[in-house]
Amino acid sequence: MLRTAVRNVLAHKARLLMTVLAVMLGVAFVSGTLVFTDTLGNAFRNQSAKSYDKVAVAVTTWAERGDDETAAVDAATLDRIRDLDGVAEATGRVSGFAGVADPDGKLIGNGWSNTGSNFSPGTGGKDAQYTFTDGTGPVEAGQIALDRTTADKGEYRVGEKVRVATNGPVKEYTLSGVFTTEDGAVNAGGSLVLFDTAVAQQLYLRPGEFKDVTVTAAAGASDQRLLDAVKPLLPEGAEAKTGAALADEEAEMTESGLKSLNSMLLAFAAIALFVGVFLIANTFTMLIAQRTKELALMRAVGASRRQVKRAILLEAGVVGLTASVIGFALGVALATGLRSAMGMFGGKIPAGPLVVSPTAVASAFAVGVLITVFAAWLPARRAAKIPPVAAMSSVHAVATTKSLVVRNSIGWVLTLLGSALIVAGAAQGDENGRWLIGGGAFLTLTGVIVLIPLLSRPVIALAGPLLRKLFGVSGKLAAQNAVRNPRRTGATASALAIGLTLVTGISVLGVTLGQAIDKMTTDNIRADYMVSMASGEALDESALTALRKADGVAAATPQRAVWLTVGKEGVSASGVTPGDVEKTFDLKTVSGSLSSLVDGEIAVDRKTAKSHGWKTGDSVPVTYQDDKKQTLKVGALYEGNEFLSPVLIPEDLVAPHESISDIREVWLTMDGGQSDANEKAVVDALGDNPAMSVMDRQGIRDMFGGFINTALNIMYALLAMALVIAVLGVVNTLAMSVFERQQEIGMLRAIGLDRRRVKRMIRLEAVVISLFGAVVGVGLGTFLGWAIGKSLSASIPGYALVIPWDRLALFLVLAGLVGVLASLWPARSGARLNMLTAIKTE
C-alpha cells in the first residue's frame, strides 16, 4: 500500500500541485515566524549579555530633574563605592531626552527613544561603554558626541555645529566625536547624545548627582559580595542588582515581547492553514471521485476498507512531507528577508546568527504533514465506505439523502446558536460580551461553512438569468456547472469566505472606530494647533511663555497634568488658562459658567460630579501633590471632553504646588485660523525646535486616528496569505474540474461551442464561485464587525456604525478579478483539448 500511495502521488503530481503550494505557504508562514522570532530573541539576549558583560553591580534610582524628594547618588557616595574592595571602576550616569536636528531642521530618530547621557571618562580618558571611531568624548560644556547612525543621518562631521534640543530651548554644540554603541535606544531607531557630565547633570538631574551607577569588578572579585557591600551605601529608594540579574531581566522582557509577536503571527498562519484545509479536502475528494473505479478494483482484489483509507492518508502524508520540506526552506528565506527588511526600514537588529531551532523544524513538519492528513481524512473515509460493486457502477458516488439532511441540520443549529451568542455578546457590551462574540463567531462560521453547499444553489441561481442574458450559452453553462457539485463549489467558496469574513469584519470595525475618533477630535477641539514634545515628555515652561508671545496667538492654554486627592480618592485634573480654555476646546456647559475659572473656581465634567455627588456651588476640599490642602468651589459642570481631565483647575492655583511643571500639550487658537504664516509664527516662537511637534487640526486627527489605518494595513498584509491560498483553491477546483469534464467539453466542441466560448464558460464559472464566496464572507464579516463595535460602543464617545460601502464593493470587484485570474490556466487548458481525444476519454 505504501508503494501504491507513492505511485499515485507521482501519477497525479500535476493535480496535487495546488495542494502542495497551499501547504507550502502555510508551513513557510509558520517556520518563518518561528525562525524569525528565535533569531530576534537570540540577538537581543546576546546584546543584553554583552551590555552587562563587564557590569558587576548596577544601581538605579528614580530621581528626576525638579523632583527634590527622590534621592539620587551624590559624588560622595560614588567615591565611597569606588573605594570598596574589589571595585575596579564605578561610573555615574544621568540621562533624559535629547533630540538632534538634521540639516533640514527635522528630528533624527523616532522621538520616544531619542536619549541624552553623560560621557564619563575613566582610566586613560576613555568611557568603556562607548567605542569612538572619530574624535573624542565631550569634555567641555559646548561639546557633544553622537552615535554613528545619527551622525551619518545628519551628515555631521567632527568639529561641525549640531543643533540639539532637550526639554528646553534648542542649543548649538560642537561635535567632538562619533562612537558606536549597543545601546537599546539606538537599536530601537532613536539617537544617543553624550554631554560633558556637568552639563548632563544640569540638564537631567541636579549638579553633582547621578541617577544610575555601574560598578566593574576587579579580577577575582565576587559580584554578589560587591552587591552586598554597595547596598548599605545607597540612598533610600535606590535599587541595586548584579549585571547578570539585569541581563536575565532584559532577556525575559524580550522573550515576553517576542512571545506576543510570535502568537499574533502564528494566529494568522493558523488562519492560512485553516483555509488550506478546504483546498486539500477538495483536491482529495475530486481525486477520489476520479479514481473510483481504480479504488473499487483494489477492493475487489482483496484490499480492505482500512487499507484503502490508509493508502489515501499515506498519499496525503507524502504530499504534506514534500510541501513541508519546500515550505520550511522558504520560511527560513522569509525570516532572513524580514530581518533585512527591518534594517531597511530603520529597525536596527543586533548582529547574530540565523537561529533554526529543533522546535521550529519539528513544528513546521508536524503542521505540514498533520494538516494535510487531517484534511484528507474525510475524503479517505468516504472512499473506504464505498462498496466495490457500487463504485464500479458509477463514476461519482452520490451523497445519501440522510447524510445531506444530517449535514444541513447540524449547519443550521450551529449558525443559529452562533448568531444568538453574537447578538447576546453585542448587547452585553463588556469583555465577557466579547468572549461570547468570539465563541459565537466560531460557531457561526463553522455553521455557514457546513451550509454553503445548500446555500450555493439558490444564491447562484439568482445570477443565472443575468449570465444567460449577457453571455448566452457560455453564461448558462457556467451557472449550471457552478451548482453541479454543491459540495465542491461550497468547499472552494468557503476558503474565500473565511478570508473575506475576517477582512470585512476588520474593515467595518476599523472604519467605524476611525470615524468615531475623528468625530471626537472635530467635536471637542476648537484650537488651530497643538504643541507637544516628540518624545511624549512634558514641555518646558519656557515653551509656553514663548508661545503666548508669538504673533497671531489669540488664545493659548496648557494642559497641565495635575493629581488631586479628594478624601481617600485620587482625581485627575487639567491645569488650564481661564478665558482661553473655552476658545481652544468645545466645552458644553451643563450648569454654572466656565467664566468662574477666572475667579479661582473649578469646573467638573458631569459624570465625575455625579459619581462624587457634587453640584454647582459645592465646596470640595482637595490635597495637592505637595500635601498642601485647599478648599475649591465648583463653579461649573460640563459635558466631558476626551482631551481634558475630568476636573479643570486654573493653572495659577496649581503653580505654587509644583516643583516642576507637567505640561503635556499647549493648545493654540490663532487670529485668522490655520495658515502657513501662523504655523511659521508658532515654529519660530519655539526657536525651530526639532524636538517639539506642531500639529494643525488635520495632523491632530491623523495622530489619533492614524494608528487604526496602520493596524488595518498590517491586518490586511497578514491575511493576504490566507487569500492567496483561497485563490489557489479556485485554480485547483477549476483545473481538476476541466480534467474531469474532458468528454463533456469535447462534446460541446463537437456540437459547435468554439474555443472562445469554452474559455468564457470556465472563466464565468470561476467568477460565479468567487463572488458567491465573497458575498458570504462580506455579509458575515459585516455582522461580526457590527457586533464587536457594538460591544465597544459604551467606551467610545460618538460611536455610530459605519458600513464602508466603497471597500465592500472593492472586495467584491477583487473577488471577481480573482476568479478571472484563477481561471486563466484552466480555461486555456480546456479550450486547447483535442475534440476527438476528449470525446473518447472515460
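Owing to the predicted nature of the structure, the values given are computational and were not obtained by experimental measurement.

1. Focus on the layout of surface pockets
Consideration 1: Approximately 1,700 Å³ is the volume attributed to the second largest pocket.
Consideration 2: Taken together, 44 residues make up the lining of the second largest pocket; nearest its centre are Ser51, Tyr52, Gln129, Asp183 and Thr214.
Consideration 3: Each residue belonging to the lining of the second largest pocket can be placed in one class, and the counts come to 14 nonpolar, 18 polar and 12 charged.

2. Digging into the pattern of salt bridges
Oppositely charged side chains are able to pair whenever their charged atoms sit close together.
Consideration 1: Tallied over the full model, the rule gives 23 salt bridges.
Consideration 2: Where Glu541 meets Arg560, a salt bridge forms, and the shortest distance between an N and an O atom there is 2.7 Å. In this pair, Glu541 is assigned in helix α16 (residues 541-548) and Arg560 in strand β17 (residues 553-566), connecting sequence segments 19 residues apart.
Consideration 3: Glu541 gets classed as partly exposed once you look at its relative accessible area, which sits at 31%.
Consideration 4: The partner of Arg548 in a salt bridge is Glu651, with the nearest N and O atoms 2.5 Å apart. Of the two residues, Arg548 is situated in helix α16 and Glu651 in helix α19 (residues 651-654); the sequence distance between them amounts to 103 residues.
Consideration 5: Residue Arg548 is classed as partly exposed on the basis of its relative accessible area, which comes to 37%.
Consideration 6: The network of salt bridges with shared partners includes Glu541, Arg548, Arg560, Glu651 and Glu658.

3. Structural notes on a positive patch on the surface
Consideration 1: Together, Arg305, Arg381, Arg382 and Lys385 make up a positively charged patch on the protein surface.
Consideration 2: Within the secondary structure layout, Arg382 lies in helix α11 (residues 358-385).
Consideration 3: Residue class for Arg382 comes out partly exposed when judged on its relative accessible area of 33%.

4. Examining the confidence of the model for the protein
Consideration 1: Summary statistics for the protein give a mean pLDDT of 84 and a share of 92% for residues scoring 70 or more.
Consideration 2: With pLDDT under 50 throughout, residues 394-398 is counted as low confidence; its partners more than four residues away or in other chains account for six contacts.

5. Some thoughts on the packing of helix α14 (residues 431-482) against helix α15 (residues 486-524)
Consideration 1: Running from N to C, α14 and α15 point in directions that differ by 105°, and their axes come no closer than 8 Å. Taken together, α14 and α15 sit at an angle that is classed as roughly perpendicular. Within the contact between the two elements, α14 uses Leu445, Ile449, Ile452, Pro453, Ser456, Arg457, Ile460 and Ala482 and α15 uses Pro486, Arg487, Thr489, Gly490, Ser494, Ala497, Ile498 and Thr501.
Consideration 2: Split into classes, the residues belonging to the contact of α14 with α15 amount to nine nonpolar, five polar and two charged.

6. Looking at the sheet that holds strand β15 (residues 239-242)
Consideration 1: Spatial strand order, β3-β14-β1-β15: four strands in an open sheet with antiparallel pairing. Of all the strands in the sheet, just β3 (87-93) and β15 have a single pairing partner and so form its edges. With strand direction ignored, the average angle separating the axes of adjacent strands in the sheet is 15°.
Consideration 2: Against the sheet, helix α3 (residues 75-82) makes contact with β3 and β14 (212-217), and its axis sits at roughly 160° relative to β3, the strand it touches most.

7. As for the pairing of strand β1 (residues 57-60)
Consideration 1: The pairing of β1 with β15 spans four bridges and is antiparallel. Bridge assignment links Val59 to a residue of β15, and that residue is Ala240.

8. Re helix α25 (residues 824-831)
Consideration 1: Within the span of α25, buried status applies to Pro826, Ala827, Gly830 and Ala831. The arc that holds every buried residue of α25, seen down its axis, measures 130°, which confines them to one face.

The rules behind each value
Residues numbered from 1 in each chain as written. Predicted model: local features only at pLDDT ≥ 70, side-chain atom pairs only at ≥ 80, totals over all residues. Heavy atoms only, no water. 1 Å grid on protein atoms, 1.4 Å probe; cavity = no way out; pocket = protein on both sides within 12 Å on 5 of 7 lines; lining within 4 Å. Points joined across faces, edges and corners; volume = space filled by probe spheres on them. Nonpolar A, V, L, I, M, F, W, Y, C, P; charged D, E, K, R; others polar. Salt bridge = Lys/Arg side-chain N within 4 Å of Asp/Glu carboxyl O. Helix = DSSP H or I, 4+ residues; strand = E, 2+ residues; numbered from the N terminus. Buried < 20%, exposed > 50% of the residue type's maximum accessible area, 1.4 Å probe, protein only. Patch = residues over 30% accessible without salt bridge, like charges linked within 9 Å, V, L, I, M, F, W, Y side chains within 5 Å. Areas by Shrake-Rupley, 256 points an atom, 1.4 Å probe, with all protein chains shown as cover. Lys, Arg positive; Asp, Glu negative; His and termini not counted. Charge placed at Lys NZ, Arg CZ, Asp CG, Glu CD. pLDDT = per-residue confidence, 0-100. Contact = heavy atoms within 4.5 Å. Axes fitted to C-alpha atoms, helices over the stretch in contact; angles between N-to-C directions. Parallel < 35°, antiparallel > 145°, perpendicular 65-115°, else oblique. Pairing = 2+ DSSP bridges. Arc of directions from axis to C-beta.

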